[in-house]
Amino acid sequence: MKTDYHCHILPGLDDGAQNIEESVFLSRKLTEWGYTDAVCVVHSSYKYRHTPQKVLAAYGELYNAIQTEHIDLTLHPTYEYRIVPQSWSEVRQNKWWLPWYGNHLLVEFPIRSREFFGDLDPMEEVKRLVDDGFKPVLAHPERYQYMDMEELARLHDLGCEFQMNLGSIYGFYGEDVRHTAELIQSEGWYSYTGTDLHNKRYTDFYDKVLITEGI
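Parameters at a glance
- Residues numbered from 1 in each chain as written.
- Predicted model: local features only at pLDDT ≥ 70, side-chain atom pairs only at ≥ 80, totals over all residues.
- Heavy atoms only, no water.
- Helix = DSSP H or I, 4+ residues; strand = E, 2+ residues; numbered from the N terminus.
- Contact = heavy atoms within 4.5 Å.
- Polar contact = N/O pair within 3.5 Å; in protein donor to acceptor, adjacent residues only side chain to side chain.
- Buried < 20%, exposed > 50% of the residue type's maximum accessible area, 1.4 Å probe, protein only.
- Pairing = 2+ DSSP bridges.
- Right-handed = clockwise from strand over helix to strand, strands pointing away.

Participant: What is the right way to look at the environment of aspartate 14 in this model?
Facilitator: Relative to the helices and strands, aspartate 14 is located in the loop between strand E1 (3–7) and helix H1 (20–32). C-alpha separation for the pair aspartate 14 and methionine 1, spaced 13 residues apart in sequence, amounts to 27 Å. Dropping the residues within four chain positions of it, aspartate 14 is found in contact with His8, Val41, Val42, His43 and Tyr48. Polar side-chain contacts of aspartate 14 include one of 2.8 Å to the backbone nitrogen of glycine 16.

Structure below.
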């Protein structure tokens, strides 16, 4: 079994696949790269605020489509929960939890700056999830360039697992992100890897990395 632990292939919910045709195209690509399972996430943020029912409806649409197309890919629908004040309190209040593998939740931090946390303390929010019985998994920690290794170590010590974007280690997001990914990898902190697959720009990159170069 080979699992992509982070991809945006559910149709029409965020900045990933925009329709069912694109979802099927991306799903087929994953199988071409050898994946058998996909943790297919939907952004939960200030911009994307879908209920679990809507996420599961999109999952059902894609499930039926890949069955029709004979694409052998097992889907695990969930969110990528962004810890920002515009949406996080709504998620917690409504208990919009869609865990994968029993109790795993993929969370992400603001990409650009820590100021987008507002009054939220990311350490405290991660600790709350652990106390609530969840296993938080931090998406692409290498991309939060405002965080140093000491902060990341504290998160890891709290019980937060880390998910690396495969593209990070091959330069998709630039050399600074690649360097941070290498540092985190050298500490042995990564538990999961994902493509963060969104669209054809990603498939062109991974076709080169995973097929042309044979990685």
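This is not the end of the story, as more comes after the structure.
Participant: Looking at this structure, I do not really get the pairing of strand E2 (residues 37–44). What am I missing?
Facilitator: Note on strand geometry: in a regular strand, side chains alternate between the two faces of the sheet. Burial of E2 is extensive: eight of the eight residues sit out of reach of the surface. Residues Asp37, Val39, Val41 and His43 line one face of E2 and the alternating positions Ala38, Cys40, Val42 and Ser44 line the opposite face, and both faces are buried. Direction of pairing for E1 relative to E2: parallel, over a ladder of three bridges. Bridge assignment links threonine 3 to a residue of E2, and that residue is aspartate 37. Each parallel crossover has a hand, and the one from E1 via H1 to E2 is right-handed. For E2 and strand E3 (residues 74–82), the ladder comprises eight bridges, and the chain directions are parallel. If you follow histidine 43 over to E3, its bridge partner there is glutamate 80. Between the parallel pair E2 and E3, the chain is carried across by helix H2 (residues 52–68), and the sense of this crossover is right-handed.

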